Amino acid sequence: METKATLRGAHLSAQKGRLVADLVRGKKVDQAINILAFSPKAGAALMKKLLEFAIANAEHNDGADVDELKVTEICVERGTFLRRFRPQSKGRGAKILKPTCHIFVTVGDGRK
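Residues numbered from 1 in each chain as written. Predicted model: local features only at pLDDT ≥ 70, side-chain atom pairs only at ≥ 80, totals over all residues. Heavy atoms only, no water.

Undergrad: Looking at this model, I keep getting lost on the packing of helix α1 (residues 14-24) against helix α2 (residues 29-37). Mind explaining?
TA: Each pair of packed helices can be summarised by the angle the axes make with each other and by the distance between the axes. It is at 9 Å that the axes of α1 and α2 come closest, and there the two elements cross at 140°. When the axes of α1 and α2 are compared, the pair comes out oblique. Judged by the twist between their axes, the crossing of α1 over α2 is right-handed. Residue-level contacts link Val20, Leu23 and Val24 of α1 to Ala32, Ile35 and Leu36 of α2. (Axes fitted to C-alpha atoms, helices over the stretch in contact; angles between N-to-C directions. Helix = DSSP H or I, 4+ residues; strand = E, 2+ residues; numbered from the N terminus. Parallel < 35°, antiparallel > 145°, perpendicular 65-115°, else oblique. Left-handed = near helix turned anticlockwise from the far one by under 90°. Contact = heavy atoms within 4.5 Å.)

In structure tokens, the structure reads:
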């Protein structure tokens, strides 16, 4: 039994998000929340909140035992860029790209 939670359009680059996702992939959920709570990385707070949502979904919708849950899959994909412009000399404008990402978390008890 697997339960999913999704966050789309997070204001975080996919590269920074993948660094945080690698910390918790395959761990038990209580250990993963502990790692994310004390991680200084930029996306750790977002991932922790999303992981808590996935745990709540598993407990409420599927009746899963929280003590047996593991992070079976965590995926960070690149989203769209917010495009902004900054004034430059001679009437030009410089492009500023603010990246976003999509984060997918799947928790399960390890059984198929």
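Undergrad: I keep staring at α1 and nothing clicks. Help me out?
TA: At 3.6 residues per turn, the α-helix brings residues three or four places apart onto the same side. Residues Ala14, Gly17, Val20, Ala21 and Val24 constitute the buried set of α1. For α1, the buried positions fall inside an angular range of 125° around the axis, keeping them on one side. Facing away from the buried side of α1 by over 90 degrees, the exposed positions are Gln15 and Lys16. Buried positions along α1 lie against α2, α3 (44-61), β2 (70-87) and β3 (93-108). Positive phi shows up at Gly26, right after α1, with a value of about 85°. (Buried < 20%, exposed > 50% of the residue type's maximum accessible area, 1.4 Å probe, protein only. Arc of directions from axis to C-beta.)

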